[in-house]
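Breakdown of the fold
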Amino acid sequence: MADAACLGYFEPETIEEACRLLSSHRGHAKIIAGGLSLNVMIAQKLINPEYLVSIQGIKSLNFICHEPTAGFKIGAATVHADIEKSSLIKEKMPLLSQVAGMIGSVQVRNRGTIGGNLCHADPASDLSPALIALSAQLKLQSSDGARTMPIDKFFLDYFQTAIGEEEILTEIKIPQIPPLAGASFIKFTPRSKMDMAVVSAAVYAQIDAAAERLLDVKIALGAVGPRPVRALKAEGALKGQKIIHSAIEQAAELAREECSPLTDAKASGGYRKEMVGVFVKRAAMLALERARENRHQAQ
Amino acid sequence: MREKIELKVNGDLYQVEVDPRKTLLSVLREDLELTGAKMSCGYGVCGSCTVLVDGKAVCSCLVLATQAKGKEIVTIEGLSDGDGLHPLQESFIDHGAIQCGYCTPGMILSAKALLDENPSPDEYEIRSAIAGNLCRCTGYVKIVEAIKAASAKMVRSWQISPSSAAGRRKSTQD
Amino acid sequence: MADMKLPRMLFGKILRSPYPHARILNIDTSKARKATGVKAVITANDTPKLKFSLHPPLRADKMPLEEFKVRYVGDEVAAVAAADENTAQEAISLIEVDYELLPAVFDPEEAMKPEAPKIHDDESNVASYLVRQFGDVGLGFKEADRIFENRFSTSRVTHCCMETHGCIAFFLASGRLTVWSTTQTPNFLYKEIARALGIASRMVKVIKPFVGGAFGGRRGMDMQDAICALLSMKTGRPVKICNTREEEFTTSRLRYPMVIKLKTGVKKDGTLLARQATVITDNGAYNYKGPAITGAAGLRLDLMYKVPNTKFEGYVVYTNNQYGGAFRGFGSPQITFAIESEMDMIAEDLGIDPLEMRLKNSYSAGYQTISGAKITSCGLQECIKKGAELARWREKRGRRDGRGIGMATLVHTGGGTKDYGYNCSEAFVRLNDDCTVSLISGASDTGQGSDTILAQIVAETLGVGVEDIEVITGDSDICPLDLGAWGSRQTFTSGNAARIAAEEARRQLLEIASEMLEANPGDLDIRAKKVFVKETPDRKLSMAEVLAQSYSKKGRPVAARGFFDEQISTNRDLHTGFSNPFPAYAFGAHFAEVEVDRETGEIRVLNIVAAHDLGRAINPMAAEGQIEGAVAQGLGTGMTEYLVWEEGQTINPTFIEYKIPSAIDMPNVKPILVESIDPNGPFGAKGVGEPGLVPTAPAIANAIYDAVGVRIKDLPLTSEKVLNALRELKNGKEEALI
């Protein structure tokens, strides 16, 4: 840690000020929110940032708001515990609360932020596949202005995202799930409940009014490669199809075929691949069940 | 660069000059000589370094000291009011929930954060609340029993004397 | 330990080999020496260059800092002392070492081949070979109706004490060296340090402060103790070294992984006739406890059950892996996994309930094994029966519906061994004039609670409260001879020494009281600090009065020495191998209930009942704590904990990747204490420190079989292995249909 002196530590109070700091120390500054991922990387000597810009004091990055049509907007510096415990989220989008509650330990959820989790871009993140299935949009801001991108374009590689050196992730927008849809997220942690996922699967399923056909499907997978991915072939195989077991089995098989996970200390690539099949199937069943429940309630 | 920061720990104000990348754990242990919080993994996985920041359990090995400015920090040293042990501390001793003791400060603080928020947790809630505190000695059975017993005792004492309970709760938050 | 500091203290760091096997061509320390804040840089040239043995008389093969060769990733090459930890770390990175890479070998079976790279000079990689035969296995197999042969293997697991290894060494110009160390055996460590440094052992004093767990991992000297001493000698200042968690994972001693080939012959009715095992132990790069632990595994062949004919062969093989050491169970978890898995396979084949199979072959107190073990007390059958009842064995067994129940038993020493030729403890007890008691013991408390147990024994004997006892331990200058904390021995041996000392102090006290009360000492008793005549309790004195008489009037302290040298176990006969290895035998039975997901192979352990015969529970709460904690380790080491090595490099040296169970990972654990009252234990007690983790993994493996019909013979028990085995089972069945 002492290899090079820290040249500056800043605590901007506004997003604009934070953006200015990133511009003026371009390439040498790191954003720090809860600090979980960043401090681990510093401890592991993977990075050694000269300038730190703490965004934990920026109030406009810490909020949860909901609009009936647009859905949720969540400030990037909102901690997991707040998302987990938010009564608004529990009511309107329980899946998000559940996923936030699955992340690490209490201590991690008390410090870790939604934005930090996404920007760290660990392929085994729980939030990223869930938010991909939920079609989240990310708002990125810099001194030059703001842009919004769909979350599935955000992750590029292991710990690499599309965020620019001068950009800050400020907001996560998650559209409200329509009444005829349901979403699910399952993570597989065969060793310990405290593990990062060995495989995770998130499914969004929208059904028709008769609950006979799948109108729209999104399937996202975590921990199966360098970044969270959508199982596009599996989605294609399900879209417009009748809701029958064989269709889901077939989609799960396609998802299994289209990914090539790696081996690590937790599991072999081959096993992970098998598990993709199992968990896509399970997540799809769960999403459909929820869609039917939602439909039932809507009627 | 070194930064002058002021930390409020267990109600006392401390001024220290630190590298902004220095963790709260290092400052507590090295600068303030509050060695109750322990280093064990350094990656926020084992919970030995757990302290309370504004009432929330956090791993102090992954919090920069400078980010804890202006917040209420409670370490195990600040848990008892000086007259006696905190009911959780007493309960840990009575139930054999301590073997080597290395995880104990963090474990007790996680339990305190839980009971402050949820005074009568069930077993699953207790186990979830301390899941981020690894213990290699006890297998957690006696720890869970100790937290249950402390919870019952604390709830009882509030029922008997609500005013002093309010006082105690307030003082720990101040 | 981690919390300690001394004035002018420096921090040390160790430069370790990044390669599994390499020749050291040159070490350039010039840049490191010049760095600001660096006070000393040392290499082998700054050491006495003495090869020493961590476990004499095994071959001396280690130096605190290696000179010519490194033999595993993490081997010690150089060290730095600096004003602070970061500076020391920085300086380490400035040391330049030229290595010539050598071919390495990681698989002990490969290392046994003649063409394998040689790890120590040109000698064979087989560091030790053991063979023991009792009865006639050939005849036993000939008479057997069925013979079973299986190959089992166990994984690389490590202690994971919450506090990593650490030490402070302070060398005074007088030549005296003081080392504060996270040891569990201060009475060994001072001699080990002296041996490694080539100095007289009386010049070394070791102090064990509060230590964050041990479990066998703090048994032998860690090289950091010697290196830290060398740095202090060089600088004249106190030096502290603490392992990082990564260093702890990659360089501390681990449980010796074993390949176990087990062959058992039985009669149709389940009677065991012969048992043969060949064990190949991965010794790692250096000698330590490999032969002792392999031999301890061999003891179980006729010790777990009545077996009239046995043969054991053990190969302890050098590899370029991290080397092993003592770990709770000491060889027993490995062989018990094999024996108890095979017991279930035999029972299945013969159509016998595995529980009945075990009861049928079990023994009782008074039994002597073919190899000489004399069983003085035995609660195994009671453990099996009580455990089965609480676990609802009969109701839950044999459903094969994804849920299953399995069991396994164990036998362990309940009081150490004579591995060092003797097994003794000494203690001093002084009754102070304020009615408090000082107990000076050579025992070591590292969290397991021995201080409390010893205090209870002394308090009970002297009729005072536990809170009146001050237990003084952990200083090699002050504390008397004791082999320390290992072999589940402290309650038994240190406890007996404390009891003997307390009894003598009691005798002295009663003698004075008898004069004062004009009664026979034999007619007196002490309770709650009152000395009274048993027949007429009204004739009494307070202990304070008696002590005042003794100290103030007579000027005589009430103080005594207790020495316990158990004459129960025996040293192994060099020719026949015959011995009574343990002074007392602890038994137990675990029952595990699991649920297996057939689609994923995921194993969920739901309940564990752990019944243990501990002679007498001196402190039931502490005994339960030992068992519950050990079960957690047994569960972890059986399932979720395993070091993964690639070319000798540990790829999961963190708690993120090496999973010890958390509070939400633990199943319900229900301990049962069975008291068989050992004739030689203090108040009938036997040790219970180690046994709790021994049978957990095989009980789970047997439960998995009961749940879904697959047998995993190599630890760890992972979901991936279960799924693969389920597939094989299914494919096998499909093929059979065609």
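One structure accompanies this document, and this report is about it. (Residues numbered from 1 in each chain as written. Chains lettered and ligands numbered in written order. Predicted model: local features only at pLDDT ≥ 70, side-chain atom pairs only at ≥ 80, totals over all residues. Heavy atoms only, no water.)

**Some words on helix α8 (residues 290-303) of chain C**
With 14 residues, α8 of chain C extends 20 Å between its outermost C-alpha atoms, agreeing within 8% with the 20 Å of an ideal straight helix rising 1.5 Å per residue. In terms of residue burial, α8 of chain C counts as a mostly covered element, since 13 of its 14 residues are buried. (Helix = DSSP H or I, 4+ residues; strand = E, 2+ residues; numbered from the N terminus. Expected span 1.5 Å × (residues − 1). Buried < 20%, exposed > 50% of the residue type's maximum accessible area, 1.4 Å probe, protein only.)

**Focus: the sheet that holds strand β6 (residues 96-101) of chain C**
All names here are of chain C. Overall, antiparallel pairing links the 3 strands, which are arranged β4-β2-β6 in an open sheet. Across the chains shown, the open sheet's two edge strands, defined by having one partner strand only, are β4 (69-70) and β6. Relative to β4, strand β2 (residues 22-28) runs antiparallel, the two sharing 2 bridges. Among the inter-strand pairings, Arg23 is bridged to a residue of β4, identified as Lys69. (Pairing = 2+ DSSP bridges.)

**Re the interface of chain B and chain A**
With 28 residues of chain B at the interface, the matching set in chain A holds 30 residues. With both sides pooled, the region where chain B packs onto chain A buries about 2300 Å², and carbon together with sulfur makes up 57% of that total. When the area that chain B buries against chain A is broken down by residue, the three leading residues are Arg21, Leu62 and Gln67 of chain B, summing to 35%. Counting across the chain B and chain A interface gives 2 salt bridges. Between Lys69 of chain B and Glu11 of chain A there is a salt bridge whose closest N-O contact spans 2.9 Å. If you look at where chain B meets chain A, you find 13 residue pairs in polar contact (both at pLDDT 80 or more). (Contact = heavy atoms within 4.5 Å. Buried area = accessible area lost by both parts, 1.4 Å probe. Salt bridge = Lys/Arg side-chain N within 4 Å of Asp/Glu carboxyl O. Polar contact = N/O pair within 3.5 Å; in protein donor to acceptor, adjacent residues only side chain to side chain.)

**A word on the pattern of salt bridges**
A full pass over the atoms with the stated rule returns 82 salt bridges over all chains. Between Asp19 of chain B and Arg21 of chain B there is a salt bridge whose closest N-O contact spans 3.4 Å. Note on accessibility: Asp19 of chain B and Arg21 of chain B belong to one class, buried. As a salt-bridge pair, Arg16 of chain C and Glu76 of chain C come within 3.3 Å of each other at their nearest N and O atoms. Of the two residues, Arg16 of chain C sits in strand β1 (residues 10-16) while Glu76 of chain C sits in strand β5 (residues 76-82), which places them 60 residues apart along the sequence. For the pair shown, Arg16 of chain C and Glu76 of chain C are each scored as buried.

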